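# Summary of the model geometry
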Amino acid sequence: MRHVAVIGSGPAGYYSAEALQKIYGADVHVDVIDRMPVPYGLIRFGVAPDHQSIKAVYKRYEKVALSDNVRFVGNVTVGKDVAIDELQQLYDAVILATGAPLDRPIGIPGEELAGVVGSAAFVGWYNGHPDFADLAPRLDTTSAVVIGNGNVALDVARILSKTAHEFEGSDIVFGALEALQASAIRDIHVLGRRGPHQIAMTPKELGELGHLERAAPRVDPADFPPVEEDSALDPGLRKSVTILREFAANPPAGDKPKTIDFDFFAKPVRIEGDGKVERVIVERTKLDADGRATGTGETYAIECGLVVSCIGYRTPPIDGVPYDFDHGRFANDEGRIGDGLYCVGWARRGPTGTIGTNRPDGAAIADLIHADFGTAVSRNAGRPGLDRLLDERGVDVVTFRDWQKIEAAEAERARDGSPREKFTHVEEMLQALGLSRTT
Ligand code: NAP
């Protein structure tokens, strides 16, 4: 029997568990440990609430979670309830699948002002992440700036734009929906420090902005290189650029109250305001020979009361685990951190790729563990050892069956047409199980 602990119950965690099952069959016990009492990480807290078809991938993880040799161990914080070296003593392998839930700082003056939030916090807020449930972003402003040209920037611009009707069928939390509907935001500026050919936006997500009920995208035709140059782009990017060109050719007709402006070659250099954000100072850029953005010295101001930076994420460091500060992830060699310690997904390679990218990642880490462990016989205590330790420490472990009770309670609270009304605080989740927070 092999004993494996996976820290993190998001896509990378469950794909790793699934791959281990495939290799070892019944000869492995996998404990998927999460600090939240609810599973699925990014699927629950990161994927946009109006993208339910993407969230449906949880059904695959549920199948793994319900199998005999995989166990969900929720409400357990590694580093607080149990130390990483304790887990290493209990299990043959420990896999860090902790994702990248922290915002990267922008690194410009003024980012500490009220009204400046990172996308991890903002997305977490509307998705009911307990860490951000009380964020209360500033929405009593007519103008917002979204920094970044990736899919998260698109998610944020879209969520700021949609009507209540367009959120039907989503699982956006009610408090966020109410706040967004009461928001005064009319102008949303999406800032890209480079140009249309350098965006990291995928066609489906970009195309959605062309079909919003009360918002229309605006793109300056002057920002594009000659159309012949599009043919050199990868097919996906070419499709996205074609969509942007369509937006540029069809400027807003004035029949929609909100505008999503794409400001290309626009690098934020400073955020100004008296205690709270009032404007972003932006420097116009051009591309250097290597395709990097260089400042031209010409600046302009965008008056706004909300800034959401969507410029990528970092993995939280864990005491005693080697960390790559340049890339904001664990220091690792193809997923191996040290003896019996591994990382996978965003914690291994940084916040890139789709949810599906984590599947081959999980398979690769399971292969690596298999190769490292060989035919050695396990002498570790595994599950019973962890249970003993957590019991001694009085930790209220939440099992997968418990999670199903929380899920049923959320479904009962659902608004019309929505699949669930999420609990947004850990205490509420535990109360649904008749537990109070003791950890
Ligand atoms: P991303 O795709 O890496 O995009 C980050 C953007 O931020 C880039 O445009 C980057 O510009 C810009 N940026 C970085 N540092 C900056 C700075 N200091 N100032 C101004 N701009 C800066 O990251 P993401 O949007 O957070 O997405 C993370 C991953 O999740 C991606 O793989 C994404 O595709 C995926 N995702 C997918 C979906 C979906 O499929 N529906 C939804 C959300 C996220 P440069 O290119 O110039 O560096």
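Our structure's up above, just so we're on the same page.
Residues numbered from 1 in each chain as written. Predicted model: local features only at pLDDT ≥ 70, side-chain atom pairs only at ≥ 80, totals over all residues. Heavy atoms only, no water.

Looking now at the pairing of strand S8 (residues 187-191). Along S8, 4 of the 5 residues are buried, which leaves the element largely enclosed by surrounding structure. Taken together, the 5 bridges between S8 and strand S10 (residues 258-263) define a ladder with parallel strand orientation. Looking at S10, one finds that His189 is bridged to Asp261. (Buried < 20%, exposed > 50% of the residue type's maximum accessible area, 1.4 Å probe, protein only. Helix = DSSP H or I, 4+ residues; strand = E, 2+ residues; numbered from the N terminus. Pairing = 2+ DSSP bridges.)

On to the environment of Leu287. Along the polypeptide, Leu287 turns up in strand S12 (residues 279-287). In this structure, the C-alpha to C-alpha distance between Leu287 and Lys276, residues 11 residues apart in sequence, is 32 Å. Discounting residues that sit within four places of it in the chain, Leu287 has contacts with Arg194, Gln198, Phe265, Arg292 and Ala293. (Contact = heavy atoms within 4.5 Å.)

A separate point is helix H13 (residues 383-392). Buried within H13 are the following residues: Arg383, Gly385, Leu386, Leu389 and Leu390. All buried residues of H13 fall inside an arc of 160° around its axis, so they share one side. More than 90 degrees from the buried face of H13, the exposed residues found are Arg388, Asp391 and Glu392. Buried residues in H13 make contact with strand S1 (2-7), strand S2 (28-33), strand S3 (70-73) and helix H5 (84-90). Positioned one or two residues after H13, Gly394 has a phi angle of 70°, which is positive. (Arc of directions from axis to C-beta.)

The next thing to look at is the pattern of salt bridges. Under the definition given, this model contains 32 salt bridges. Note that Lys55 is salt-bridged to Asp171, the shortest N-O span being 3.6 Å. Of the two residues, Lys55 is situated in helix H3 (residues 52-55) and Asp171 in the loop between helix H7 (151-161) and helix H8 (174-181); the sequence distance between them amounts to 116 residues. Across the pair, exposure class does not vary: Lys55 and Asp171 are buried alike. For Arg349, the salt bridge is made with Asp361, and the minimal N-O distance between the two is 3.0 Å. Taken together, the residues Arg349 in helix H11 (residues 346-349) and Asp361 in helix H12 (residues 358-373) connect sequence positions 12 residues apart. You can call Arg349 buried: its relative accessible area is 16%. Given a relative accessible area of 8%, Asp361 falls into the buried group. In this structure, a network of salt bridges that share partners links the residues Asp50, Asp155, Arg158, Lys162, Lys204, Glu205 and Glu208. (Salt bridge = Lys/Arg side-chain N within 4 Å of Asp/Glu carboxyl O.)

Okay, the site of the ligand next. Residues in contact with the ligand amount to 21 residues; listed here are only the nearest, Asn149, Arg193, Arg194, Glu205 and Gly353. Arg193 has a polar side-chain atom sitting 2.7 Å from an oxygen atom of the ligand. Here the ligand has 920 Å² of accessible area as a free molecule, and 79% of this is covered by the chains. The dominant element in the shell around the ligand, judged by the number of residues it contributes, is H7, at 3 residues. Looking at the shell around the ligand, its residues break down into 9 nonpolar, 7 polar and 5 charged. (Near = heavy atom within 4 Å. Polar contact = N/O pair within 3.5 Å; in protein donor to acceptor, adjacent residues only side chain to side chain. Areas by Shrake-Rupley, 256 points an atom, 1.4 Å probe, with all protein chains shown as cover. Nonpolar A, V, L, I, M, F, W, Y, C, P; charged D, E, K, R; others polar.)

Notably, Tyr40 is not glycine yet its phi reads approximately 90°, a positive angle. By the secondary structure assignment, Tyr40 is in the loop between S2 and helix H2 (42-45).

All told, the structure shown has 14 aromatic pairs when counted by the stated rule. Between Tyr40 and Tyr61 the ring centres are 6.3 Å apart and the planes differ by 45°, which places this aromatic pair in the tilted class. Of this pair, Tyr40 sits in the loop between S2 and H2 while Tyr61 is found in helix H4 (residues 58-65), placing the two residues 21 residues apart along the sequence. There is no split in this pair, since Tyr40 and Tyr61 are both buried. For the ring pair Phe122 and Trp125, a centre distance of 5.6 Å and an interplane angle of 35° mean the geometry is tilted. Highlighted residues: Phe122 and Trp125, both in helix H6 (residues 119-126), separated by 3 residues, approximately one helical turn. Under the relative-accessibility criterion, Phe122 is labelled buried at 0%. Following the ring pairs from residue to residue traces out a cluster consisting of Tyr14, Tyr15, Tyr40, Tyr58, Tyr61 and Trp403. (Phe/Tyr/Trp six-rings, centres within 6.5 Å; stacked < 30°, edge-to-face > 60°.)

Inspection of every chain in the model, using the stated rule, returns 0 disulfides. Cysteine Cys304 shares no disulfide, and the gap to the nearest cysteine sulfur, in Cys310, comes to 13 Å. (Disulfide = S-S within 2.5 Å.)

Strand order in the open sheet formed by 3 strands is S11-S12-S13, with antiparallel pairing between adjacent strands. Only two strands of the sheet have a single partner each, and these edge strands are strand S11 (266-272) and strand S13 (293-303). Each strand axis lies, on average, 25° off the axis of its neighbour in the sheet, ignoring direction. Pairing of S11 with S12, which is carried by 6 bridges, proceeds in the antiparallel orientation. Residue Pro268 lies in a different strand from S12, and its bridge partner there is Val282. (Axes fitted to C-alpha atoms, helices over the stretch in contact; angles between N-to-C directions.)

These figures come from the coordinates and say nothing about function on their own.
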